[in-house]
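# Results of the structural survey
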Amino acid sequence: MASKLWEKNFSVNEEIERFTVGRDRELDIYLAKYDVLGSMAHITMLESIGLMQKDELRQLLAELKNIYNECVQGTFVIEEGVEDVHSQVELMLTRRLGDMGKKIHSGRSRNDQVLVDLKLFTRHELREVVEATDALFRELQKKSEQYKNVLMPGYTHLQIAMPSSFGLWFGAHAESLADDMLFLLAAYRMTNRNPLGSAAGYGSSFPLNREMTTRLLGFDSMDYNVVYAQMGRGKMERNVAFALASVAGTVAKLAFDACMFNSQNFSFVKLPKECTTGSSIMPHKKNPDVFELIRAKSNKLQSLPTQIQLIMNNLPTGYFRDLQIIKEVFLPAFAELKDCLAMAAYIIERIEVNEHILDNPMYDPMFSVEEVNRLAAAGTPFRDAYKQVGMEIENGTFHADHNIHHTHEGSIGNLCNDKIAEIMDKTLAEFGFERVDEAERSLLAAGE
Ligand code: ARG
């Protein structure tokens, strides 16, 4: 058993080690790159307050840059007997540079280290979720415009209700994503604050320059109160999970609609055959498995805030090892959502729309309100018109006029997709990803 960062004159029982390390050796790989960035910022600041020599800083930064590259190349591993990513990086530095490697931990605890790692990781992943969400949004808006003149039945209670259109259907899911983007923005803002310097949760007697690490890491500002900074562990993950769940909720509904509309009984849309799967027994089958899996994964993602909430339930102030377990559900969630978003966009781009649904007279009753409104506009009181059309439908004399004129905002004839895009663009402009790129680039350049 290798020694621990905290080991003194007794060694730890192997079973206890297995249980407490848990899945950290596998999960901390998600955080490795960011752990290195956090250390680069931290030691740059340590040198500026006189806790490290210039030459030591130079050598450590260069070695950290090497470790960063190993992370990018996928060769970075957390060795057997090493507890976590924080210990592994420090071990590699001391192996390569001797005692100066041990200096990097002054004024820091693994508690604020894992916090900063999680923030940097989440910031990066949120950006990718934002980009994938935006891509699906654009695709849905494109389809909405393309098919704005193709009518389809609208349902309430899953009973044929009123005329709708593919323009409305695609466009509705797009607008839903524009709202979800607000949650992603709030989650991003909360994430993009620096917890480094809170140490074990109560700060440090070293005169740490937190402004400096905030700037070096490209954070918008810091989590000021050191106690609150630690409270952010779990809270940040839960709030980000809410935002992910909001997007997942939109995607799950889209997937359900698409599966249903693709069924022969509806035949409103058709998935291209290369996007369907076959059956081992029924030779005619072209199943919408992709949308079914998107639906299940997105539904599962909607349980994420609750899972996190329950893990951190009722913890008092301060660090607890409980928080480690959140990583198990939180870290892999981003890849799953991005995958769902990308697959949904891929299929929406290729989905075929049935332009002749309404040839089937089964759907004629959905024009009943149009007829009532036409009579009412011509002077018949609404209640009388309602009764008259109702009777015509009952006795089979109703004639459905498929020419409809809806003009108000957000209706079939006036989708306002441009206004919805404006809302989305306004939200997107507020993220400010360029500031982060710039900061990370110059931090890494310091290791050249
Ligand atoms: N693996 C730990 C976590 O994820 C790192 C922090 C350990 N800190 C501690 N005080 N035991 O929370």
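Conventions used here
Residues numbered from 1 in each chain as written. Predicted model: local features only at pLDDT ≥ 70, side-chain atom pairs only at ≥ 80, totals over all residues. Heavy atoms only, no water. Helix = DSSP H or I, 4+ residues; strand = E, 2+ residues; numbered from the N terminus. Rg over C-alpha atoms; globule rule 2.2 N^0.38 Å. Buried < 20%, exposed > 50% of the residue type's maximum accessible area, 1.4 Å probe, protein only. Contact = heavy atoms within 4.5 Å. Areas by Shrake-Rupley, 256 points an atom, 1.4 Å probe, with all protein chains shown as cover. 1 Å grid on protein atoms, 1.4 Å probe; cavity = no way out; pocket = protein on both sides within 12 Å on 5 of 7 lines; lining within 4 Å. Points joined across faces, edges and corners; volume = space filled by probe spheres on them. Nonpolar A, V, L, I, M, F, W, Y, C, P; charged D, E, K, R; others polar. Near = heavy atom within 4 Å. Polar contact = N/O pair within 3.5 Å; in protein donor to acceptor, adjacent residues only side chain to side chain. Lys, Arg positive; Asp, Glu negative; His and termini not counted. Salt bridge = Lys/Arg side-chain N within 4 Å of Asp/Glu carboxyl O. Pairing = 2+ DSSP bridges. Phe/Tyr/Trp six-rings, centres within 6.5 Å; stacked < 30°, edge-to-face > 60°. Core = buried A, V, L, I, M, F, W, Y, C linked by side-chain atoms within 4.5 Å. Axes fitted to C-alpha atoms, helices over the stretch in contact; angles between N-to-C directions. Parallel < 35°, antiparallel > 145°, perpendicular 65-115°, else oblique. Left-handed = near helix turned anticlockwise from the far one by under 90°.

## Concerning the overall build of the protein
A count of helical and extended segments in the protein gives 17 helices and 6 strands. Taken against the 2.2 N^0.38 rule, which gives 22 Å for 448 residues, the C-alpha radius of gyration of the protein at 28 Å runs more than 25% over that of a compact globule. For the protein, buried positions account for 51% of its 448 residues. Contacts in the protein between residues at least 24 apart in sequence constitute 78% of all its contacts with a sequence separation of at least 6. Total accessible area computed for the protein in this model is approximately 21,700 Å², and 53% of it derives from carbon and sulfur atoms.

## Some details on helix α14 (residues 368–377)
Taken together, the buried positions of α14 are occupied by S368, E370, E371, V372 and L375. Contacts made by the buried residues of α14 are with β2 (159–165) and α15 (382–394). Two residues or fewer after α14 comes G379, characterised by a positive phi angle close to 115°.

## A few points about empty space enclosed by the protein
To find the voids left in a structure, one rolls a probe of water-molecule size over its atoms. The full count for this structure, using the stated rule, is 1 cavity of 30 Å³ or more. There is about 50 Å³ of room inside the largest cavity. Around the largest cavity sit H42, M45, G107, D112, L196, G197, L208, N209, R210 and T213, which together line it. The class makeup of the residues in the lining of the largest cavity is 3 nonpolar, 5 polar and 2 charged.

## Some words on the site of the ligand
Taken together, D24, R110, N111, V114, R233, Y319, R321, Q324 and K327 make up all the residues around the ligand. Within the side chain of R233, one N or O atom sits 3.0 Å away from an oxygen atom of the ligand. K327 is positioned with one of its side-chain polar atoms (N or O) 2.9 Å from an oxygen atom of the ligand. Of the residues forming the shell around the ligand, the biggest block, 3 residues, is contributed by helix α6 (residues 110–146). Per-class residue counts for the shell around the ligand are 2 nonpolar, 2 polar and 5 charged.

## So, unusual backbone geometry
Its identity is not glycine, yet S267 carries a phi of approximately 55°, on the positive side. We note that N314 has phi near 60°; this positive angle belongs to a residue other than glycine. Overall, the relative accessible area of 71% leaves N314 in the exposed class.

## Considering the side chain of E370
If you trace the backbone, E370 turns up in helix α14. Summary of buried charges: E370 has no salt-bridge partner, and the nearest side chain of opposite charge, R374, is 9.2 Å away. The contacts of E370, once residues within four sequence positions are left out, are M162, P163, I404 and H406.

## Considerations on the pattern of salt bridges
What the rule picks out here adds up to 34 salt bridges. A salt bridge links D220 to R435; its shortest N-O distance comes to 3.4 Å. Of the two residues, D220 is situated in the loop between α8 (210–216) and β4 (221–222) and R435 in helix α17 (residues 433–445); the sequence distance between them amounts to 215 residues. It is possible to trace a salt-bridge network through shared partners that takes in E17, R25 and E80.

## Focus: the pairing of strand β1 (residues 151–156)
As judged from the 6 bridges shared by β1 and β2, these two strands associate in the antiparallel manner. Looking at the pairing, T156 lines up with Q159 of β2. Taken together, β1 and the strand that follows it, β2, pair antiparallel across an intervening segment of 2 residues, in which H157 is found at a positive phi of about 60°.

## Here's the deal with the environment of F398
Structurally, the position occupied by F398 is in the loop between α15 and α16 (417–429). Placed 36 residues apart in sequence, F398 and E434 show a C-alpha to C-alpha distance of 60 Å. The contact partners of F398, leaving out residues within four places of it in the chain, are D364, P365, F367, S368, E371, V389, E392 and I393.

## Points about the packing of aromatic side chains
For the structure on display, the rule yields 19 aromatic pairs. The interplanar angle of 85° and the centroid separation of 6.5 Å between the aromatic rings of F166 and W169 together place this pair among those described as edge-to-face. Placement of the pair is F166 and W169 together in helix α7 (residues 166–191), with a separation of 3 residues, close to one helical turn. Judged by relative accessible area, F166 falls into the buried class, the value being 0%. Judged by centre distance (5.2 Å) and plane angle (85°), the rings of F330 and F334 are edge-to-face. Classification of F330 as buried rests on a relative accessible area of 0%.

## Some details on the nonpolar core
Side chains of a nonpolar character, in soluble globular proteins, are inclined to be buried together. Core analysis: the largest hydrophobic core is formed by 125 residues, its most contacted members being L136, F166, L184 and L244. Ignoring any residue separated from it by four or fewer positions in sequence, one finds L184 in contact with L126, V129, V130, T133, A243, L244, V247 and F431.

## With respect to the packing of helix α9 (residues 226–262) against helix α10 (residues 289–301)
The interhelical angle for the contact between α9 and α10, taken along N-to-C directions, is 150°, at an axis separation of 8 Å. In terms of orientation, α9 and α10 fall into the roughly antiparallel class. Seen along the crossing, α9 lies across α10 with a hand that is left-handed. Of the residues in α10, those in contact with A245, A248, V251, A252, A255, F256, A258 and C259 of α9 are F291, E292, I294, R295, S298, N299 and L301.

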